[in-house]
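Structural overview
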Amino acid sequence: MGDVFLSYARADREQAERLAAEIEAAGYSVWWDRHIDGGSEFAAEIERRLEEAQVVLVLWSKDGVASRWVRDEAGIGLEAGKLVATSLDGTPPPIGFKQIHAIDMTDERGHSDLLRALGHRLTSLPETPAPEVERPAANRTIAILMVAMALVVVAAGFWWTNRSSDSEALANEQASEQTGVAVLPFRSLSDDENDKYFAEGVAEEILNRLSALAELRVTARSSSFQLAGTDLPVGEVAKQLGVTHLVDGTVRRNGNDWRVTAQLVRAEDGSQLWSDTYDVTGSDILAVQSEIAERAAEALGVLLDGDKRSRMAEAGIDNPEAYALFARGMELFGRVHNQGATYENLAEANEYFDRAFALEPRFWNAQVAAIDRYSHLLTDHSIGFPVGGPEMAEEARLEIERRLAAARANAPRWAYAVLDQQAIQYSNDWSDAREIVERMLREESGCSVLTSYNDWLVIRLGLVDEYIDYSRRLQKCDPLTSRTPLVAMLIYSGKVDEAIEIAETSGDNSEAMHRIHVLALVAAGRTEDAREVLDRMDPQAYYHGQAETWILAAEGDREGLENQFEKYQQQGAPDVALLHVATLMGDRETANKYAARIDARPAGPIWFANSGIVTCHCGNGFDLDATPRFKARLEEAGASLDLPSPVDWPLQR
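All residue numbers refer to positions counted from 1 along the written sequence of the respective chain. In keeping with the predicted nature of the model, local features appear solely for residues at pLDDT of at least 70, side-chain atom pairs appear and are counted solely at 80 or more, and the whole-chain, interface and lining totals rest on all residues. Only hydrogens and water are removed before side-chain values are computed, so all heavy atoms of the structure are retained for them.

The name given to the protein in an unreviewed UniProt entry is TIR domain-containing protein, with the source organism recorded as Qipengyuania aquimaris.

Concerning the overall build of the protein
A count of helices and strands for the protein gives 28 helices and eleven strands. When a residue's accessible area, from a 1.4 Å probe over protein chains only, is under 20% of the maximum for its type it is buried; when over 50% it is exposed; and in between it is partly exposed. Relative to its full complement of 653 residues, the protein shows a buried share of 60%. Accessible surface is estimated by sampling points in the Shrake-Rupley manner with a 1.4 Å probe; for residues, cover comes only from the protein chains shown. Accessible surface for the protein amounts to roughly 25200 Å². Of this, 45% is attributable to carbon and sulfur atoms. The helix and strand labels rest on DSSP assignments: H or I over at least four residues marks a helix, E over at least two residues marks a strand, and numbering proceeds from the N terminus.

A short note on the pairing of strand 1 (residues 4–7)
Of the two faces of strand 1, the one holding Val4 and Leu6 and the one holding Phe5 and Ser7 are both buried throughout. Two strands pair under a simple rule: DSSP has to find at least two bridges between them. In this structure, strand 1 lies alongside strand 2 (residues 30–31), joined through two bridges in parallel fashion. Within strand 2, the residue paired with phenylalanine 5 across the bridge is tryptophan 31. Crossover strand 1 to strand 2 through helix 1 (residues 13–25) is right-handed. Where strand 1 and strand 3 (residues 55–60) come together, four bridges link them in parallel fashion. Bridged to leucine 6 within strand 3 is leucine 57. When the strands point away from the viewer, a crossover counts as right-handed if the path from the first strand over the helix to the second runs clockwise.

A word on the pattern of salt bridges
A side-chain nitrogen of Lys or Arg and a carboxyl oxygen of Asp or Glu constitute a salt bridge if their distance falls within 4 Å. Throughout the structure, instances matching the rule amount to 35 salt bridges. A salt bridge links arginine 221 to glutamate 204, with the nearest nitrogen and oxygen atoms 3.2 Å apart. Remark: glutamate 204 occurs in helix 6 (residues 194–211) and arginine 221 occurs in helix 7 (residues 221–224); sequence separation between them is 17 residues. Given the relative accessible area of 17%, arginine 221 is considered buried. Residue glutamate 204 is classed as buried on the basis of its relative accessible area, which comes to 12%. One salt-bridge network, held together by shared partners, links Glu291, Glu294, Arg295, Glu298 and Arg309.

Re helix 16 (residues 433–442)
Among the residues of helix 16, Ala433, Ile436, Val437, Met440 and Leu441 are the ones counted as buried. Along the axis of helix 16, the buried residues cluster in a sector spanning 130°; they form a single face. Contact definition: two residues touch when any of their heavy atoms are within 4.5 Å. Next to the buried residues of helix 16 lie helix 15 (416–425), helix 17 (464–477) and helix 28 (628–637). In this description, one arc is meant: the one made by directions from the helix axis to the C-beta atoms.

A few points about the side chain of serine 510
Topologically, serine 510 is positioned in the loop between helix 19 (496–505) and helix 20 (511–523). Whenever two N or O atoms come within 3.5 Å, that pair is a polar contact, provided that in protein one can donate a hydrogen and the other can accept it, and provided that, for residues adjacent in sequence, both atoms are side-chain atoms. A polar side-chain atom of serine 510 sits 3.2 Å from the main-chain amide nitrogen of methionine 513.

What about the packing of aromatic side chains?
Ring pairs shown here join Phe, Tyr and Trp side chains whose ring centres sit within 6.5 Å, with only the six-membered ring taken for Trp; geometry is labelled stacked below 30 degrees between planes, edge-to-face above 60, and tilted in between. Here the structure, examined in full by the defined rule, presents 15 aromatic pairs. Aromatic pair phenylalanine 5 and tryptophan 31: ring centres 5.3 Å apart, planes at 20°, arrangement stacked. Of this pair, phenylalanine 5 sits in strand 1 while tryptophan 31 sits in strand 2, and the two are 26 residues apart along the sequence. In this structure, phenylalanine 5 and tryptophan 31 share a single accessibility class: buried.

Details of the state of the cysteines
Covalently bonding the sulfur atom of one cysteine to the sulfur atom of another cysteine gives a disulfide. The disulfide criterion is simple: two cysteine sulfur atoms within 2.5 Å. Within the structure shown, the criterion is met by one disulfide. At a sulfur-sulfur separation of 1.7 Å, the disulfide partner of cysteine 616 is cysteine 618. On the S-S bond that ties cysteine 616 to cysteine 618, the torsion sits near 105°, and the link is right-handed. Comparing cysteine 616 with cysteine 618 shows no difference in burial state: the two are buried.

Brief notes about the packing of helix 15 against helix 16
Where helix 15 meets helix 16, the axes come as close as 8 Å, and the angle between the chain directions of the two elements is 140°. Here helix 16 runs oblique to helix 15, going by the angle between their axes. Seen from above, helix 15 lies across helix 16 with left-handed handedness. Listed contacts from helix 16 to Ala417, Val418, Asp420, Gln421 and Ile424 of helix 15 are Ala433, Ile436, Arg439 and Met440. Between N-to-C directions, angles span 0 to 180 degrees; the directions come from axes that are lines fitted to C-alpha atoms, helices contributing only their stretch in contact. Every angle not falling under 35 degrees, over 145, or within 65 to 115 is termed oblique; those three ranges are roughly parallel, roughly antiparallel and roughly perpendicular. Left-handed is the label given to a crossing in which the near helix is rotated counterclockwise from the far helix by less than a right angle, and right-handed is the label when the rotation is clockwise.

Description of the sheet that holds strand 3
An order of 2-1-3-4-5 is seen for the five strands of this open sheet, with the pairing classed as parallel. Strand pairing shows two members of the sheet lacking a second neighbour, strand 2 and strand 5 (102–104), which therefore form its edges. Pairing analysis gives five bridges linking strand 3 to strand 4 (residues 83–87), with the strands arranged parallel. By the bridge assignment for strand 4, valine 56 is matched with leucine 83. Where helix 3 (residues 68–79) meets the sheet, its contacts fall on strand 1, strand 3 and strand 4, and the angle it forms with strand 3 comes to roughly 145°.

Overview of the nonpolar core
Core analysis: the biggest nonpolar cluster contains 84 residues, and Leu457, Val518, Leu579 and Trp649 have the highest contact counts within it. Sequence-distant contacts of leucine 457, defined by excluding residues within four places in its chain, comprise Trp430, Ala433, Ala609, Leu634 and Ala637. Side-chain atoms within 4.5 Å are what join buried Ala, Val, Leu, Ile, Met, Phe, Trp, Tyr and Cys residues into a set we call a nonpolar core. Judged by nonpolar contacts, the second largest core, of 57 residues, contains Val251, Leu264, Tyr323 and Phe363.

Quick word on the packing of helix 16 against helix 17
Two numbers describe how helix 16 lies on helix 17: the axes approach to 9 Å, and their chain directions differ by 35°. Contact residues: helix 16 offers Met440, Leu441 and Arg442, while helix 17 offers Glu466, Tyr467, Tyr470 and Arg473.

Focus: the environment of leucine 303
Inspection of the secondary structure puts leucine 303 in the loop between helix 9 (285–299) and helix 10 (306–315). On the basis of relative accessible area, leucine 303 is assigned to the exposed category, the value being 69%. Sequence spacing of leucine 303 and glutamate 215 is 88 residues, and the spatial spacing of their C-alpha atoms is 9.5 Å.

Comments concerning unusual backbone geometry
One non-glycine residue, leucine 457, lies in positive phi territory at about 65°. For leucine 457, the position within the fold is in the loop between helix 16 and helix 17. Unlike most non-glycine residues, histidine 617 shows phi in positive territory, near 50°. Along the polypeptide, histidine 617 turns up in the loop between helix 27 (611–616) and helix 28.

With respect to the confidence of the model for the protein
Scored between 0 and 100, pLDDT is the confidence that the predictor attaches to each residue. The share of residues in the protein with pLDDT of 70 or more is 89%, and the mean pLDDT across the chain is 83. When the criterion is pLDDT under 50, residues 35–40 qualifies, and its contacts beyond four places in sequence or with other chains add up to seven contacts. Segment residues 124–176 is flagged for pLDDT under 50; beyond a separation of four residues in sequence, or across chains, it makes 211 contacts in the model.

Section: the environment of alanine 577
Along the chain, alanine 577 falls in helix 24 (residues 575–585). Separated by 13 residues in the primary sequence, alanine 577 and glutamine 564 have C-alpha atoms spaced 9.7 Å apart.

Focus on helix 21 (residues 527–535)
Turning to helix 21, its buried residues number three or more, namely Thr527, Ala530, Val533 and Leu534. For helix 21, the buried positions fall inside an angular range of 105° around the axis, keeping them on one side. For helix 21, exposure combined with an orientation more than 90 degrees from the buried face picks out Glu528 and Glu532. The secondary structure elements touched by the buried residues of helix 21 are helix 20 and helix 22 (542–554).

What follows is the structure, encoded as structure tokens:
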């Protein structure tokens, strides 16, 4: 089996052979064919090798883009989330592949960029220490020129990045009136893979019920479930989650009979405070979930009365089948976002979300997760990718509104503040923006809601300090969530040294954190250090292009920015990439042209209020009169028309 499947046109055989030798010299195995023909046995071999390979490396060229074989092979790699693209002669990728940045092999850095890109997919780079616990990354790694609107608790984009900073401080800073406890995913001891989701569902039910008790501070699922399958000692798990106690267990099925074990452990010394084993049949498993939650609460010193038992019961859902569907959807969701999410490849995850919600409407979070698919279409269309059209984009926006309304109709009242903040982002009426954002920032229960862009409009509304306080509160119940939005807000508030410290001690090796780390170093005037961080990034990832643009702009390298702008034009880059470079060059006229194009599209104002800020971090960068729809929304929201820049970009002066 080859690590790398090499896809190329016959006319490019000599260059393919040289590249294959170079890749093999770097320690990777390469499978590539010498003669492309249409024999059925050969086709079967191609399909087998494509499936086995960890990376599909396509060599675009004027002959490659015209080759049906190359397009088919690249399409399989794209669908599997393992495509790496190059351009041998500067030819841009064909339609359908433009969202995957093609490494320019005519550039002097092309060969080193390619090996680094392969290294990010096949091995860990020597200069990038691996985090203590591998967790899914939040960033979209599919395009140097595509802006993610993935759900994050990200941002990332969406919910998962690897982060372990400040957890020791959190563990030592337990609130005196609350006991910190985390429920780890229960392990399935059965052979049936479906039982894994059922076991997780048991743990989720226990977590939900314990969360209903004010005496306990229960770690959010998005953090505690990240540590599934790790071999970390109990004390280390508790330290990373910022708690003093852990609940875990196992589930074993034999036909219709179930055996469930559960225990409550004190992290300080690993002592078992309570444990029990339950042998039940069929639906009796539902009563076991309630029993475990109540016994764990009592062992933690909670005095349960009728009112508290009632609240715990109301927090439960008691529908293992619906949970299994939701969990499968979430697993697909995370996998797709790690590979590069698009409207098309999120369809399968949404099928599971829809089935879960149809079976049990109290899985309202399934509707929130499902909007991500439509936000990708909406955002990609707004920034200039050839996806859908204006009518399809507007239909996607309306679908988001419909799903959020369905979620709110079935959600508990404590979720309203966050759901309303999510909904207004996609609405055509921003008049209540300040009230809604301020209410969300005061909310104490945000950890239980899946969100995207919880920093929406906070800078223009003058709520940066409030957002920082909100973000720190979220960390207490969801300690492994991404801290990239917090780092960005610290930069805006002038606390650059604190931002750098978090980025460097977080243990987060995601592209999103590297990117914001570059910005923080640039803001501190440390461009050489910023370049060292850039060298650790995946050159094919979307965030690499942004970070490189910031460094060139901070150095006042107009020629470098002009070359980057020209390269983006040749590659058929979307408007957002060209807007970013033009803005940092101080080319107001060009920036206004691309900003006006984005504003004219259905989701243009939505993009400017969300990704538009984090893409550039360079103030408005264009005249708001060039974006009349966005300007009208800001005025409607009572938001500032002036956007401060966290960095004094020399070419903008």
